[in-house]
Amino acid sequence: MRLEVLNRGYGPGTKLLFALIRLFSRHPVPDAAKLVFYRPDFYGSRAKEFTHEAMRGPSAWSVGDRELMAAYVSQANESAFCVGAHSATARRAYQDGPKVAAALTELESAPIEAGLKATLRMLGKLTREGKLGAGDMRQVLSAGVSRQQVEDALAVCAAFNTTDRLADALGFQVLSPEDFEAGAKYLLRRGYR
Amino acid sequence: MSTEDMPAKDVPGEDRPTEDKPTEDKKRAAYRALQDRILNGEGRASPQHRARAFSNAGLSPPLDGLLGKVATRPTLVTDADFAAARAAGFSEDELLELVICAAVGQAARLYDTGLAALAEAAGQEDG
């Protein structure tokens with residue numbers, strides 16, 4: 001990572017925790033975890049609360065749908081770490097790798113329901129262009145997506161537009177496929193808190 | 001992909017509590033709490049620098065280069081951007097705070113843009 005404090009600036013308790021994670025999981029501590037453990041009162045504690053609420057809190061979207069949105073937004077931002085982490089988590093949540101790959105490579109022909117497809121299209125446009133009109137949103141609503149679902153999707157979008165920027169600016173190390181799989185298991189078991 | 005530890009099927013979201021406040025308030029309130037903390041709470045960077053990083057406006061070199069990229073094209077950030085900011089006297093803790101403010105600020109603007117488009121579209125539907 002580009003800031004040395006994120007590699008070394010931890011107290012003894014956190015250092016011990018990282019050592020135990022490495023020992024028992026036999027995987028490295030992802031840079032995303034290091035970031036939220038560094039001075040958690042400034043960013044990590046509240047960022048985890050918000051991300052958990054967006055990704056695991058009450059919603060008509062399934063966990064798999066929200067992980068796919070996270071991967072899709074991250075792809076629009078070209079954020080390699082977050083695409084790797086959340087496409088692995090979406091594949092595992094859906095138990096369907098081809099569906100996730102299709103949504104990320106060729107959305108229009110992907111075998112996903114019209115409402116989710118329209119929502120992903122809207123999130124991609126908002127993320128890439130920073131602009132969105134009422135007409136874009138009407139297309140989502142007319143695909144059968146409720147207002148509440150749109151709001152829930154926008155919360156996922158905000159969480160990952162934040163995390164993607166931090167991952168790329170701070171230089172999160174992209175993990176191996178095995179390490180991303182281990183992270184996906186953890187995120188489905190424990191969430192983001 | 002191994003099948004161990006897989007959930008039985010895709011996990012639905014929790015049921016919406018019927019008598020609670022609408023859940024969108026909880027999600028938005030959680031993001032507002034994050035914004036409020038990084039802008040107004042105790043920090044190593046000045047509140048003025050944090051506010052400017054958040055709004056991506058009014059920054060001077062070399063911070064404008066680093067933080068402008070965080071907001072608009074974070075994949076273009078380089079080691080040299082951080083080196084220039086360190087050479088201007090900013091500590092690692094200050095830079096981390098300012099990078100966080102820039103990232104949250106841009107995401108907050110996108111969130112607001114999406115919610116405004118939704119309000120407009122939903123208002124037209126009602127009308």
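Rules of the game
Residues numbered from 1 in each chain as written. Chains lettered and ligands numbered in written order. Predicted model: local features only at pLDDT ≥ 70, side-chain atom pairs only at ≥ 80, totals over all residues. Helix = DSSP H or I, 4+ residues; strand = E, 2+ residues; numbered from the N terminus. Buried ≥ 20, exposed ≤ 12 C-beta atoms within 10 Å, placed from the backbone. Contact = placed C-beta atoms within 7 Å. Core = buried A, V, L, I, M, F, W, Y, C linked by C-beta atoms within 7 Å. Axes fitted to C-alpha atoms, helices over the stretch in contact; angles between N-to-C directions. Left-handed = near helix turned anticlockwise from the far one by under 90°. Nonpolar A, V, L, I, M, F, W, Y, C, P; charged D, E, K, R; others polar. Parallel < 35°, antiparallel > 145°, perpendicular 65-115°, else oblique. pLDDT = per-residue confidence, 0-100.

Caption draft 1: Region of interest: the overall build of chain A. Counting its regular elements, chain A contains eleven helices and zero strands. Element order for chain A, N to C, with α for helix and β for strand: α-α-α-α-α-α-α-α-α-α-α. With respect to the three principal axes, the spread of C-alpha positions in chain A is 55 × 30 × 30 Å. Per-residue burial for chain A yields a buried fraction of 47% across its 193 residues. Within chain A, contacts between residues at least 6 apart in sequence are counted, and of these 69% link residues at least 24 apart.

Caption draft 2: Highlighting the overall build of chain B. Regarding its fold elements, chain B presents five helices and zero strands. Beginning at the N terminus, the succession of helices and strands in chain B can be written as α-α-α-α-α. The buried share of chain B, reckoned over its 127 residues, is 35%. For chain B, contacts bridging at least 24 residues in sequence account for 58% of all contacts bridging at least 6.

Caption draft 3: Inspection of the nonpolar core at higher detail. Ranked by size, the top nonpolar core spans 88 residues in total, and within it Val156 and Cys157 of chain A together with Val99 and Ala102 of chain B carry the most contacts. Broken down by element, this core gets its largest block of residues, 15 residues, from helix H5 (residues 92-126) of chain B.

Caption draft 4: Looking closely at the packing of helix H5 (residues 63-76) of chain A against helix H7 (residues 97-105) of chain A. Residue and element names in this part refer to chain A. In contact at an axis separation of 10 Å, H5 and H7 are set at 35° when each is read in the N-to-C sense. Of the two possible hands of crossing, H5 and H7 adopt the one that is right-handed. Contacts between H5 and H7 involve Leu68, Ala71, Tyr72 and Gln75 from the first element and Val100, Ala103 and Leu104 from the second. Residue classes in the contact of H5 with H7 are distributed as six nonpolar, one polar and no charged.

Caption draft 5: How the structure looks around the packing of helix H4 (residues 44-56) of chain A against helix H10 (residues 147-170) of chain A. Residue and element names in this part refer to chain A. Packing of H4 against H10 leaves a shortest axis separation of 9 Å and a crossing angle of 140°. Between H4 and H10, the crossing angle belongs to the class labelled oblique. In this structure, the crossing between H4 and H10 has a hand that is left-handed. Residue-level contacts link Phe50, Thr51, Ala54 and Met55 of H4 to Ala155, Val156 and Ala159 of H10.

Caption draft 6: Fine view of the environment of Glu67 of chain A. Residue and element names in this part refer to chain A. Looking at where Glu67 falls in the secondary structure, it is placed in helix H5. Take Glu67: there are 28 C-beta atoms within 10 Å of it, and that puts it in the buried class. Residues Glu67 and Arg91, 24 residues apart in the sequence, show an inter-C-alpha distance of 8.7 Å. When residues no more than four places from it in sequence are discounted, the contact partners of Glu67 are His86, Thr89, Ala90 and Ala93.

Caption draft 7: Summary view of the confidence of the model for chain B. Residue and element names in this part refer to chain B. For chain B, the average pLDDT comes to 87, and 79% of its residues sit at 70 or higher. Taken as a whole, residues 1-8 scores under 50 in pLDDT and shows eight contacts with residues more than four places along the chain or in a different chain. Below pLDDT 50 for its whole length, residues 17-21 participates in two contacts with residues either more than four positions away or in separate chains. In the predicted complex, the global pTM is 0.92; the interface-specific ipTM is 0.97.

Caption draft 8: Structural context of the interface of chain A and chain B. Taken together, the contact between chain A and chain B spans 57 residues of the former and 53 residues of the latter. Looking at the side of chain A that touches chain B, the elements with two or more residues in it are H4, H5, helix H6 (80-94), helix H8 (114-129), helix H9 (134-142), H10 and helix H11 (177-190) of chain A. A per-element tally of the side of chain A that touches chain B places H10 of chain A first, with 16 residues. Looking at side-chain class alone, the side of chain A that touches chain B contains 27 nonpolar, twelve polar and 18 charged residues.

Caption draft 9: Structural context of unusual backbone geometry. Pro62 of chain B follows Pro61 of chain B through a cis peptide bond whose omega is 0°. Of note, Pro62 of chain B is situated in the loop between helix H2 (47-55) and helix H3 (63-72). You will see that Glu78 of chain A, though not glycine, has its phi angle at about 55°, which is positive. Tracing the backbone shows Glu78 of chain A in the loop between H5 and H6. Positioned with a positive phi, Gln95 of chain A is a non-glycine residue whose angle comes to about 50°. Tracing the sequence through the fold places Gln95 of chain A in the loop between H6 and H7. A residue is classified by how many C-beta atoms lie within 10 Å of it, and Gln95 of chain A, with 15 of them, is partly exposed.

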